[in-house]
Amino acid sequence: MRNSPRDKQRTPWARRGLATAAGLALTASLTVAATSASSAAERVDNPYEGADVYVNPIWSANAAAEPGGDAISDQPTGVWLDQISAIEGNDSPTTGSMGLREHLDEAVAQAAGEPMVFQVVIYNLPGRDCAALASNGELGPDEIDRYKHEYIDPIAEILADPAYADLRIVTTVEIDSLPNLVTNVSPRETATPECDEMLANGNYVEGVGYALAQLGAIDNVYNYVDAGHHGWIGWADNFSASAALFYEAANTAGASPDDVHGFIANTANYSALVEDNFSIGQTVAGTPVRQSQWVDWNQFTDELSFSQALREELVSQGFASDIGMLIDTSRNGWGGPDRPTGPGPETSVDAYVDGGRYDRRIQSGNWCNQSGAGLGERPQASPEPGIDAYVWMKPPGESDGSSEFIPNPEGKGFDRMCDPTYEGNPRNGYNMSGALADAPISGHWFSAQFQELLDNAYPPLN
Ligand code: BGC
């Protein structure tokens, strides 16, 4: 993928193919011919391995228009189909104007001899975002038939077009949905009536199952199911139960576990990839790190350890032994001048953990436009065992939600977790939200956040 060491391994033949327009056309036609001859080819184990990844021209232009943005504007980011109209292309100021087919055509054009990964986010469940308001969507809680037939079916039809058979299409399926049915339902204190309703009517599980079945039937589609992040399902009570629910969804509405290529962690979240300065097994001043205020009995301190352990758990609950994980590292870098350079003092477990942690959120349940965040690891294939890739599924610079109510035609609500003056709710332990001020509605361009992400990138930008 772009900017990875593998770029240097391109064959001279591929480079020659790029040299002229005619050469490019020839390369493309040869590639298509080769693919049709082998269209029954098995999926590869890791679609990112040896591949380039599609650069969304719309996000790329937004990034390049920012001061300093050209340092990252050639990075691959996810294409979010966040409403039915996004399939054809709509007027959304950030993501609109190119429909799914136009993105796929552009991905075919970007392919230059190496396999090309196209990353698309499936994100339009009935009753979407049941524990928050910022990404409520267009479909009501009972509109499962519209989800199936006006959203998933048209997407599946387009993805199955033989013109795209040569792409490796990575779908990430329904961000922040199934874990809500584990953690934000009665009788827990964190329950919301909306999540109770989505558990009772079964439409999250039905919708995810249907998406997996329809998209998984296409030979070159690689489905990755959303798996929250460690600060959500890393607690023992949530961990196995979430894996069990993922398995149930993968056996619903015609899906089978074979339709699942893997899972994605940390999508659009801010949890640090690796916390070097403390670990879960340590005891400091007589108290285990697990009992520090920050870790709060979680079983994990970071996304890498969580993702690797969740992979094992998923396999033990029935998923294929070769599933792979993706980790969204778009905004979990936490660099800049405030990044700790070593562990905190050993005077107390809280001083130790708080002094050493990279993740500088007020609480790990905070999620909206987090102040102080930076870009994380650049997208790359096979970074660690069990991890297919680090990806930027959330396009950096696109807001998580507005800091005050802004009327809009997208169904987006105003969630006070995006308001910097908010003092919290049970899902963040009644802490301040830590959100940046003056944010636009979710998905819209947020220049001030983009600038901060550049400034606080870790690894730093060159
Ligand atoms: C929004 C989507 C947007 C996505 C990517 C989500 O929070 O609800 O509309 O496409 O983020 O920025």
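Everything in this summary refers to the structure shown in the same document. What you are looking at is a predicted structure, and each value in this text was computed from that prediction instead of being measured.

Focus on the pairing of strand β10 (residues 380-384)
Here is step 1 of the chain: Where β10 lies against strand β11 (residues 387-391), 3 bridges are found, and the strand directions are antiparallel. Each bridged residue has a counterpart across the sheet, and for A381 the counterpart in β11 is A389.
Here is step 2 of the chain: Two successive antiparallel strands, β10 and β11, enclose a turn made up of 2 residues, where G386 displays a positive phi of approximately 85°.

Quick notes on helix α3 (residues 57-64)
Here is step 1 of the chain: Considered for burial, the residues of α3 that qualify are I58, W59, S60 and A63.
Here is step 2 of the chain: For α3, the secondary structure elements touched by its buried residues are α14 (447-455).

Some remarks on the state of the cysteines
Between two cysteines, a covalent bond joining their sulfur atoms is known as a disulfide.
Here is step 1 of the chain: This model, assessed by the stated rule, comprises 2 disulfides.
Here is step 2 of the chain: Note on cysteine connectivity: C130 is disulfide-linked to C195, with sulfurs 2.0 Å apart. In this structure, the disulfide formed by C130 and C195 twists by about 95° around the S-S bond and is classed as right-handed. Taken together, the positions of C130 in the loop between β3 (116-122) and α6 (144-159) and C195 in helix α8 (residues 193-201) put the pair 65 residues apart, joining distant regions of the chain. Here C130 and C195 have matching classes, each one buried.
Here is step 3 of the chain: Residue C368 pairs covalently with C418 via a disulfide, S to S 2.1 Å. The sign of the 95° torsion about the S-S bond sets the C368-C418 disulfide as right-handed. Residue C368 is located in the loop between α13 (349-356) and β10, and its partner C418 is located in the loop between β11 and α14; the two are separated by 50 residues in the primary sequence.

With respect to the site of the ligand
Here is step 1 of the chain: Residues in close proximity to the ligand include W80, D82, Y123, S135, K394, P395, E398, K412, S442 and G443, which together make up its full environment.
Here is step 2 of the chain: A distance of 2.7 Å separates an oxygen atom of the ligand from a polar side-chain atom of S135.
Here is step 3 of the chain: The contact in question runs from an oxygen atom of the ligand to an N or O atom on the side chain of K394, over 2.9 Å.
Here is step 4 of the chain: Coverage of the ligand by the protein amounts to 95% of the 310 Å² it exposes when considered alone.

Side note on unusual backbone geometry
Here is step 1 of the chain: A cis amide bond links S186 to the next residue, P187, at an omega of 5°.
Here is step 2 of the chain: The residue P187 is located in the loop between α7 (178-183) and α8 in this model.
Here is step 3 of the chain: The phi angle at N266 is positive, at roughly 70°, despite the residue not being glycine.
Here is step 4 of the chain: Relative to the assigned elements, N266 resides in the loop between β6 (262-265) and β7 (283-284).

Observations concerning the packing of α6 against helix α9 (residues 203-216)
Here is step 1 of the chain: Packing of α6 against α9 leaves a shortest axis separation of 10 Å and a crossing angle of 20°. Between α6 and α9, the interaxial angle falls into the category roughly parallel. For the element pair α6 and α9, the recorded crossing hand is right-handed. Between α6, through I144, Y147, K148, H149, I152, D153, I155, A156 and L159, and α9, the contact on the second element is made entirely by N203, E206, G207, Y210, A211, Q214 and L215.

Things to note about the packing of α9 against helix α11 (residues 236-249)
Here is step 1 of the chain: The N-to-C vectors of α9 and α11 enclose an angle of 60°; their axes lie 8 Å apart at closest approach. With respect to each other, α9 and α11 are oriented oblique. Counted together, V205, V208, G209 and L212 of α9 and L245, E248 and A249 of α11 form the full contact between these two elements.
Here is step 2 of the chain: Counted by class, the contact of α9 with α11 contains 5 nonpolar, 1 polar and 1 charged residues.

Structural notes on the side chain of E398
Here is step 1 of the chain: Here E398 is to be found in the loop between β11 and α14.
Here is step 2 of the chain: Buried and unpaired, E398 has no salt bridge, with K394 as the nearest side chain of opposite charge at 5.1 Å.
Here is step 3 of the chain: Every residue in contact with E398, bar those within four places of it in the chain, is listed here: W59, T94, T95, R331, G443, H444, W445 and Q449.

Quick word on the packing of aromatic side chains
Here is step 1 of the chain: Enumeration according to the criterion identifies 10 aromatic pairs in this entry.
Here is step 2 of the chain: Taking the centre distance of 5.4 Å and the plane angle of 35° together, the rings of Y147 and Y151 count as tilted. Here the residue Y147 and the residue Y151 both occupy positions in helix α6, the gap between them amounting to 4 residues, near one helical turn.
Here is step 3 of the chain: Judged by its relative accessible area of 0%, Y147 falls in the buried class.

Side note on the side chain of E174
Here is step 1 of the chain: Mapped onto the elements of the fold, E174 is located in the loop between β4 (167-173) and α7.
Here is step 2 of the chain: For the buried residue E174, which engages in no salt bridge, the nearest side chain bearing the opposite charge is R128, 6.4 Å off.
Here is step 3 of the chain: Among the polar contacts listed, one links the side chain of E174 to the backbone nitrogen of L125, at a separation of 3.4 Å.
Here is step 4 of the chain: Leave out the neighbours within four places in its chain, and E174 touches I122, Y123, N124, L125, Y147, Y151, V208 and D226.

Re the nonpolar core
Here is step 1 of the chain: L178 and F263 are the most contacted members of the largest nonpolar core, which has 74 residues in total.
Here is step 2 of the chain: Aside from chain neighbours lying at most four places away, what touches F263 is Y224, V225, A227, F246, L314, F319, I323, G324, M325 and L326.
Here is step 3 of the chain: Judged by nonpolar contacts, the second largest core, of 17 residues, contains A51, V53, V117 and M393.

Description of the environment of G281
Here is step 1 of the chain: As for its placement among the helices and strands, G281 is situated in the loop between β6 and β7.
Here is step 2 of the chain: Accessibility expressed as a relative area gives 68% for G281, which makes it exposed.
Here is step 3 of the chain: For the pair formed by G281 and R128, sequence separation is 153 residues and the distance between their alpha carbons is 37 Å.

Basis of the calculations
- Residues numbered from 1 in each chain as written.
- Predicted model: local features only at pLDDT ≥ 70, side-chain atom pairs only at ≥ 80, totals over all residues.
- Heavy atoms only, no water.
- Pairing = 2+ DSSP bridges.
- Helix = DSSP H or I, 4+ residues; strand = E, 2+ residues; numbered from the N terminus.
- Buried < 20%, exposed > 50% of the residue type's maximum accessible area, 1.4 Å probe, protein only.
- Contact = heavy atoms within 4.5 Å.
- Disulfide = S-S within 2.5 Å.
- Near = heavy atom within 4 Å.
- Polar contact = N/O pair within 3.5 Å; in protein donor to acceptor, adjacent residues only side chain to side chain.
- Areas by Shrake-Rupley, 256 points an atom, 1.4 Å probe, with all protein chains shown as cover.
- Axes fitted to C-alpha atoms, helices over the stretch in contact; angles between N-to-C directions.
- Parallel < 35°, antiparallel > 145°, perpendicular 65-115°, else oblique.
- Left-handed = near helix turned anticlockwise from the far one by under 90°.
- Nonpolar A, V, L, I, M, F, W, Y, C, P; charged D, E, K, R; others polar.
- Lys, Arg positive; Asp, Glu negative; His and termini not counted.
- Salt bridge = Lys/Arg side-chain N within 4 Å of Asp/Glu carboxyl O.
- Phe/Tyr/Trp six-rings, centres within 6.5 Å; stacked < 30°, edge-to-face > 60°.
- Core = buried A, V, L, I, M, F, W, Y, C linked by side-chain atoms within 4.5 Å.

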